[in-house]
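# Geometric and topological summary
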Amino acid sequence: MTSIVLFRNDLRLDDHPAFAHAVVRGAVLPVFLSDPTDERGAAYQWWQRQSLRTLETRLAALGLPLVYRRGETLTIIKELIEQSSADTVLWNRRYAREQRDTDMHLKNWLREHGITVESFPGDTLCEPWNLLRDGTPYKVFSPFWKRFLRDVSVDVAFSCPQHAQAAASIPCSDNPDSWGWEPQAPDWASRFRNHWQPGENGAMERLEGFIADTLVDYANGRDFPAANKVSRLSPHLAHGEISPRRVWQRMQELTTAQPELRKAIDKFLAELGWREFSWHLLYHFSQLPYSPLREEFAQFPWSKNDDLLAAWQKGQTGYPIVDAGMRELWQTGYIHNRVRMIVGSFLVKDLLLPWQQGAVWFWDTLVDACPANNNASWQWVAGCGTDAAPYFRVFNPVLQAQKFDGEGNYQRRWVPELARLPDKLLPEPWSDPALLQAHGIWLGESYPRPLIDHAIARERALAAFATLKAER
């Protein structure tokens, strides 16, 4: 008996239910299948290629080759079954509508042709259909998470198998280096390498490093981007290099062993809960990546201005905290979570540009691009999601910089042309032109003028949002 195990966005062996079941059942044929209709952005793909090398090495240690294939899912599986004589196909479930449709179509075909097929929960703590209120999905995070903590018992994570049997017949493999996931000319991803260690080994090291060095300060330090008090696990979770169940289990062990960490652990698990809630929303509201969940926002008077969008993308808005975040994204494929909210609010509420444009940019530039988290968070900051920030919550980028980067270390790192400015001037360099020029900086030359006056932008945004409120 030979089982094909499909790897997609679950590039690990630890707590991989489909792989664990296949090993127990008999011979295993691991396959990484990339369907072009389901591929994510460029930064994500760069990371994915690095992660696959780790997966390939870990499988080889068990005597298993990893077969790479790229193409339409059903077509590829038909070929692999014919070439390997496999009688079973196993995978971990996916929850976006298009992915579910693809997997259901595949499952139906396999059953019709006498092939055993089974899917498993592997990317969430709780299946999205198992946590409902009176048969309907939750639309607000707080009651969702309260109910989760009260009623959900998270399954124990599967251990990584220590032995495995390879399939007798191994189909030929594509060469993933030919897929163009690693940029060559120019190699823009070279700047990522000093910041990350993709792969399952890197994920476990990141988790344990966070526990050892950072967790104790997480509850108080997580909002300060220069403090490095966050886990930075999001890329590893997005690529499935570590499972949320493994993270959950590790935190429960810590709670028992070190109860003094309970506050920090609870705060961290709530962030894992937001990820869970995002998948809950995507499963039940498949329009999440494209359309506002609050229907009245379909008529919102968004602006269209490619120049403003480009300035935001390049970190040239004239607001140092916004520019620092967008440059951090370009240099590392990541933005600190507090700063994600700041740059998101600036795009949709100061510039009045559609949240979908921000979501698309993040999709292509984030190494942790996630169809659930990315879109749920953009709808939240835009005020059009089910659990959204109120329309009147407009982040003031100057006040945010003063509160969360008071010494300016984050802004100075990513906007080095302003590094010589005193702390007081840094968040709003236009406020004292004479002092600015005394430091050799001229607005419009050394650093851009603000794209818009925030006070004016705020009133304009409130007026636009108020029209929706009046129409309801």
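Residues numbered from 1 in each chain as written. Predicted model: local features only at pLDDT ≥ 70, side-chain atom pairs only at ≥ 80, totals over all residues. Heavy atoms only, no water.

## Looking at the overall build of the protein
From N to C terminus, the protein includes 19 helices and six strands. A compact globule built from 472 residues should have a C-alpha radius of gyration of about 23 Å, and the protein, at 24 Å, falls within 12% of that. The buried share among the 472 residues of the protein stands at 57%. In the protein, 78% of the contacts between residues at least 6 apart in sequence involve partners at least 24 apart. Total accessible area on the protein stands at roughly 20,000 Å², and carbon and sulfur atoms take up 50% of it. (Helix = DSSP H or I, 4+ residues; strand = E, 2+ residues; numbered from the N terminus. Rg over C-alpha atoms; globule rule 2.2 N^0.38 Å. Buried < 20%, exposed > 50% of the residue type's maximum accessible area, 1.4 Å probe, protein only. Contact = heavy atoms within 4.5 Å. Areas by Shrake-Rupley, 256 points an atom, 1.4 Å probe, with all protein chains shown as cover.)

## Digging into the nonpolar core
Grouped together as the largest cluster of nonpolar side chains are 106 residues, with contacts concentrated most on F148, L215, M251, W312, F362 and W378. With eleven residues, helix 10 (residues 262–284) is the largest single contributor of residues to this core. Excluding its chain neighbours within four sequence positions, the residues that come into contact with M251 are L207, F210, I211, L215, I265, F268 and L269. In terms of nonpolar packing, the next biggest core, distinct from the first, is built from 22 residues, A22, L59, W179 and W181 among them. (Core = buried A, V, L, I, M, F, W, Y, C linked by side-chain atoms within 4.5 Å.)

## Overview of the packing of helix 10 against helix 15 (residues 371–382)
Packed helix pairs are specified by the crossing angle of their axes together with the interaxial distance, meaning the distance between the axes. Direction vectors running N to C along helix 10 and helix 15 enclose 90°, while the axes themselves pass 8 Å from each other. One finds that helix 10 runs roughly perpendicular with respect to helix 15. From helix 10, W274, R275, S278, W279, L281 and L282 reach across to helix 15, where they touch P371, A372, N373, A376, S377 and W380. Looking at the contact of helix 10 with helix 15 residue by residue, the class counts come to eight nonpolar, three polar and one charged. (Axes fitted to C-alpha atoms, helices over the stretch in contact; angles between N-to-C directions. Parallel < 35°, antiparallel > 145°, perpendicular 65-115°, else oblique. Nonpolar A, V, L, I, M, F, W, Y, C, P; charged D, E, K, R; others polar.)

## Some details on the pattern of salt bridges
Summed over the entire model, instances satisfying the criterion amount to 29 salt bridges. The salt bridge partner of R94 is D38, with a shortest N-O separation of 2.9 Å. Of the two residues, R94 sits in the loop between strand 4 (88–92) and helix 4 (97–112) while D38 sits in the loop between strand 2 (27–34) and helix 2 (42–61), which places them 56 residues apart along the sequence. Residue R94 is classed as buried on the basis of its relative accessible area, which comes to 13%. (Salt bridge = Lys/Arg side-chain N within 4 Å of Asp/Glu carboxyl O.)

## Details of helix 16 (residues 397–404)
Among the residues of helix 16, P397, V398, Q400, A401 and F404 are the ones counted as buried. Viewed along the axis of helix 16, the buried residues span an arc of 165°, placing them on a single side of the element. Exposed positions of helix 16 whose direction lies more than 90 degrees from the buried face are L399 and K403. Two or three places before V398, at the opening of helix 16, N396 has a side-chain oxygen 2.9 Å from that residue's backbone nitrogen. (Arc of directions from axis to C-beta. Polar contact = N/O pair within 3.5 Å; in protein donor to acceptor, adjacent residues only side chain to side chain.)

## Examining empty space enclosed by the protein
All told, the structure shown has four cavities of 30 Å³ or more when counted by the stated rule. Taken as a whole, the largest cavity holds about 180 Å³ of empty space. Along the walls of the largest cavity sit 17 residues, with N9, D10, R93, R94 and D123 positioned nearest its centre. Within the residue set of the lining of the largest cavity, elements represented by two or more residues are helix 8 (234–238) and helix 10. Tallied by class, the residues present in the lining of the largest cavity amount to five nonpolar, four polar and eight charged. (1 Å grid on protein atoms, 1.4 Å probe; cavity = no way out; pocket = protein on both sides within 12 Å on 5 of 7 lines; lining within 4 Å. Points joined across faces, edges and corners; volume = space filled by probe spheres on them.)

## Topic: the side chain of R327
When you line up the elements, R327 lands in helix 12 (residues 320–332). Sequence-distant contacts of R327, that is, excluding residues within four places in its chain, are made with K314, G315, Q316, W414, V415, P416, E417 and Y447.

## Quick word on the packing of helix 5 (residues 141–151) against helix 10
Across the interface, helix 5 lies against helix 10 with an axial gap of 10 Å and an inter-helix angle of 110°. Regarding the angle of helix 5 to helix 10, the classification is roughly perpendicular. For the pair helix 5 and helix 10, contact is made by F141, F144, W145 and F148 and by L269, A270, G273, W274, E276, F277 and H280, respectively.

## Digging into unusual backbone geometry
For the bond from A185 to P186, the omega torsion is 0°, close enough to zero to count as cis. Among the secondary structure elements, P186 is positioned in the loop between strand 6 (165–166) and helix 6 (200–213). If you check the backbone angles, D15 has positive phi at about 45° while not being a glycine. Note that D15 resides in the loop between strand 1 (2–7) and helix 1 (17–25). Unusually for a residue other than glycine, L352 sits at a positive phi of about 55°.

## Structural notes on the layout of surface pockets
Rolled over the atoms, a probe sized like a water molecule indicates the empty space that remains. Each pocket or cavity is described by its volume, and for the largest pocket that value is around 1,100 Å³. Mapped by element, the contributors of at least two residues to the lining of the largest pocket are helix 8, helix 10, helix 13 (337–350) and helix 15. Here the lining of the largest pocket takes seven residues from helix 10, the largest share from any one element. Counted by class, the lining of the largest pocket contains 22 nonpolar, eight polar and ten charged residues. What the second largest pocket holds in volume is close to 600 Å³. Taken together, 30 residues form the lining of the second largest pocket, with T37, D38, E39, R40 and W363 sitting closest to its centre. The dominant element in the lining of the second largest pocket, judged by the number of residues it contributes, is helix 14 (residues 355–365), at four residues. Residues of the lining of the second largest pocket, tallied by class, amount to twelve nonpolar, eleven polar and seven charged.

## What to know about the packing of aromatic side chains
Tallying each qualifying case throughout the model produces 37 aromatic pairs. Note on Y218 and F268: the rings are 5.6 Å apart at their centroids and 90° apart in plane angle, and the pair reads as edge-to-face. With Y218 in helix 7 (residues 218–221) and F268 in helix 10, the pair connects residues that are 50 residues apart, well separated along the chain. Per residue, the accessibility class of Y218 equals that of F268, and both read buried. Consider the rings of W312 and W378, whose centres lie 6.1 Å apart with planes at 70°: the pair is edge-to-face. One end of the pair, W312, is in helix 11 (residues 306–314); the other, W378, is in helix 15, with 66 residues separating them in the sequence. For W312, a relative accessible area of 0% translates into the label buried. One Lys or Arg, R340, reaches over the ring of Y334 and ends 5.2 Å from the middle of that ring. (Phe/Tyr/Trp six-rings, centres within 6.5 Å; stacked < 30°, edge-to-face > 60°. Lys NZ or Arg CZ within 6 Å of the ring centre and 35° of its normal.)

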